Amino acid sequence: MLRRWSVPIAVVALVTGSMFAAGSAAAAAHPSPAAAHPIRPAHPIRPAAHLIKPSGNHTVPFTAHGGTRNAVGSTNWSGYAANGGTYTSVSANWTEPTGHCSSGRQYSSFWVGLDGYSSSTVEQTGSEVDCSGSTPRYYSWYEMYPAFPVNFSNTVRPGDHFTGSVSFSGTSTFTLKLSDTTQGWSHTVTATLAGAARSSAEAIVEAPSSTSGVLPLANFGTVNFSSTSVNGSAINNFNPTEIIMVDSAGRDKDSVSGLGSGGSFSATWLRSN
């Protein structure tokens, strides 16, 4: 597990699961590395230093995709982030994409969260598609970084419609909610995290990280986000920063569309490394 910062942290989580359809949704602790996640990926931002001049944060703009934008490069994040203020909530909808797997191990995450852009904590929840050889694995999770991620045990399939949200409830307490409206399950997690700055709010596609660094990005095809909202308003109203995931040579690892009305955008896989 990647541990980049030493931050005082106390995490207490209460998880409740409910089914829209018949049955019950049970939450499960993160499985053992040997069982499912041999590398224990985690989800903090890691900027691409060769694209960002040292400035103590990640807000130095550069020219991207043929035009000047409020954009930054990152070795493992892409998407949009509101930053430069204090944020109490973020939410978005997305559709679980199809993993195109052939060989080796690759990982792709899709999530909403607070913090992580210019702070050392992240409060986040989302879904994933990982590749193990030719087999894609779909699942969902929440994470109060730097604590380990916790996986939900519910079925996730490509094409599922997700709604995710993270909100600050006061006194270091956060409420994280993830719903798969296609499968008919929902989880609400209440967790306490000391020292969270609430300095950013984002909707992100990610190549997760481990103790060995950023992991290869699984070929997810295209993922579509919509209704991305920050503090109860469309993220468009916050002059958000576009984050562009790049490899060590500065090549884009996925292509991120411009931000549409109501906080919609898409990302399309280009390369794993």
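Our subject in this report is the structure included herewith. (Residues numbered from 1 in each chain as written. Predicted model: local features only at pLDDT ≥ 70, side-chain atom pairs only at ≥ 80, totals over all residues. Heavy atoms only, no water.)

Here the focus is the pairing of strand 12 (residues 173–180). Within strand 12, 6 of the 8 residues are buried, which leaves it mostly tucked inside the rest of the structure. One ladder, built from 8 bridges, connects strand 11 (residues 161–170) with strand 12; its direction is antiparallel. Within strand 12, the residue paired with Thr-163 across the bridge is Ser-179. Between strand 11 and strand 12, which pair antiparallel and follow one another directly, the connecting turn spans 2 residues, one of which, Thr-171, has a positive phi of 55°. Relative to strand 13 (residues 185–192), strand 12 runs antiparallel, the two being bridged by 8 bridges. Bridging across to strand 13, Lys-177 finds its partner in Thr-188. Counting the residues between successive antiparallel strands, the hairpin from strand 12 to strand 13 contains 4 residues, one of them, Gly-184, with a positive phi of roughly 85°. (Buried < 20%, exposed > 50% of the residue type's maximum accessible area, 1.4 Å probe, protein only. Helix = DSSP H or I, 4+ residues; strand = E, 2+ residues; numbered from the N terminus. Pairing = 2+ DSSP bridges.)

Examined against the element boundaries, Ser-108 turns out to sit in strand 7 (residues 105–114). A polar side-chain atom of Ser-108 sits 2.7 Å from the main-chain carbonyl oxygen of Ala-218. Not counting chain neighbours up to four residues away, the residues in contact with Ser-108 comprise Ser-127, Glu-128, Val-129, Asp-130, Glu-206, Pro-208, Leu-217, Ala-218 and Phe-220. (Polar contact = N/O pair within 3.5 Å; in protein donor to acceptor, adjacent residues only side chain to side chain. Contact = heavy atoms within 4.5 Å.)

Next up on the list: the packing of aromatic side chains. Within the structure shown, the criterion is met by 11 aromatic pairs. Centroid distance Phe-152 to Trp-185: 6.3 Å. Interplanar angle 55°. Geometry classified as tilted. Here the residue Phe-152 occupies a position in strand 10 (residues 150–152), and Trp-185 occupies one in strand 13, the gap between them amounting to 33 residues. On the accessibility criterion, Phe-152 (5% relative accessible area) is buried. When the ring of Phe-225 is compared with that of Phe-265, the centres are 4.8 Å apart and the planes differ by 5°; the resulting orientation is stacked. Note that Phe-225 is positioned in strand 17 (residues 222–230) and Phe-265 in strand 21 (residues 265–269), a separation of 40 residues in sequence. Here Phe-225 falls in the buried class, since its relative accessible area comes to 2%. (Phe/Tyr/Trp six-rings, centres within 6.5 Å; stacked < 30°, edge-to-face > 60°.)

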